[in-house]
Amino acid sequence: MPIIVNLDVMMAKRKMSLNELSEKVDITLSNLSILKTGKAKAIRFNTLEAICKALDCQPGDILEFAE
């Protein structure tokens with residue numbers, strides 16, 4: 001998959017657990033886990049925005065393109 005999700009890296013940098021992020025972003029743990037493991041097929045911009053606000057980061061800190 002050419003898009004790599006670095007959500008776990010940003011969560012570690014911010015010392016935030018999956019439960020904490022789930023509560024702040026108002027996303028179920030299962031959906032957040034799917035995104036974190038890179039198994040998600042899509043992400044809504046409003047979800048990405050909420051995650052970036054909660055982690056104080058940019059979308060490029062979470063998503064990476066690699067060939």
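Residues numbered from 1 in each chain as written. Predicted model: local features only at pLDDT ≥ 70, side-chain atom pairs only at ≥ 80, totals over all residues. Heavy atoms only, no water.

If you check an unreviewed UniProt entry, the chain appears there as Helix-turn-helix domain-containing protein from Belliella marina.

Focus: the UniProt feature "domain: HTH cro/C1-type" (unreviewed entry) in the chain
Note the threshold: UniProt positions are given in the numbering used here, feature names are shortened, and annotations may be inferred rather than shown by experiment. In this text, helices come from DSSP runs of H or I with a minimum length of four residues, and strands from runs of E with a minimum of two, each type numbered from the N-terminal end.
Per the UniProt record, the feature "domain: HTH cro/C1-type" (unreviewed entry) sits at residues 7–62. Taken end to end, residues 7–62 comprises 68% helix and 0% strand; its first and last C-alpha atoms sit 5 Å apart.

What about the environment of Ala54?
Defined as follows: Two residues qualify as a contact provided that any one of their heavy atoms is within 4.5 Å of a heavy atom in the partner residue.
Examined against the element boundaries, Ala54 turns out to sit in helix H4 (residues 45–55). For the pair Ala54 and Lys13, spaced 41 residues apart in the sequence, the C-alpha separation amounts to 12 Å. Beyond its immediate sequence surroundings of up to four residues, Ala54 is in contact with Met16, Leu21, Lys24 and Val25.

Thoughts on the state of the cysteines
Rule in force here: In plain terms, two cysteine sulfur atoms within 2.5 Å form what is called a disulfide here. Only protein chains enter the area calculation, which uses a 1.4 Å probe; residues under 20% of their type maximum are buried, those over 50% are exposed, and those in between are partly exposed.
Per the stated rule, a full pass over the model turns up 0 disulfides. The thiol sulfur of Cys52 is not disulfide-bonded, and the nearest other cysteine sulfur, from Cys57, lies at 4.2 Å. A relative accessible area of 9% places Cys52 in the buried class. Take Cys57: its relative accessible area is 9%, and that puts it in the buried class.

Topic: the layout of surface pockets
Rules: The definitions used throughout rest on a 1 Å grid laid over the protein atoms alone, on which a cavity is an enclosed set of points accommodating a 1.4 Å probe that cannot get out and a pocket is an open set flanked by protein within 12 Å on both sides along at least five of seven lines; lining residues are those having an atom within 4 Å of a point. Grid points are joined across faces, edges and corners, and a volume is the space filled by probe spheres set on the points. For this classification, the nonpolar set comprises Ala, Val, Leu, Ile, Met, Phe, Trp, Tyr, Cys and Pro, the charged set comprises Asp, Glu, Lys and Arg, and every other residue, Gly included, is treated as polar.
Quantified by volume, the largest pocket comes out at close to 170 Å³. Forming the boundary of the largest pocket are Ile27, Asn31, Leu32, Ile34, Leu35, Ala40, Ala42, Ile43, Arg44 and Thr47. When residues of the lining of the largest pocket are assigned to their parent elements, the largest contribution, 4 residues, is made by helix H3 (residues 29–36). Here the residues of the lining of the largest pocket are counted per class, giving 7 nonpolar, 2 polar and 1 charged.

Quick look at unusual backbone geometry
Negative phi characterises most residues that are not glycine, and trans characterises most peptide bonds. In this model, Lys15 sits at a positive phi of 55°, which is unusual for a non-glycine residue. Following the sequence through the fold, Lys15 ends up in the loop between helix H1 (7–13) and helix H2 (18–25). You can call Lys15 exposed: its relative accessible area is 75%. The phi angle at Asp56 is positive, at roughly 50°, despite the residue not being glycine. Within the secondary structure layout, Asp56 lies in the loop between H4 and helix H5 (59–62). Take Asp56: its relative accessible area is 62%, and that puts it in the exposed class.

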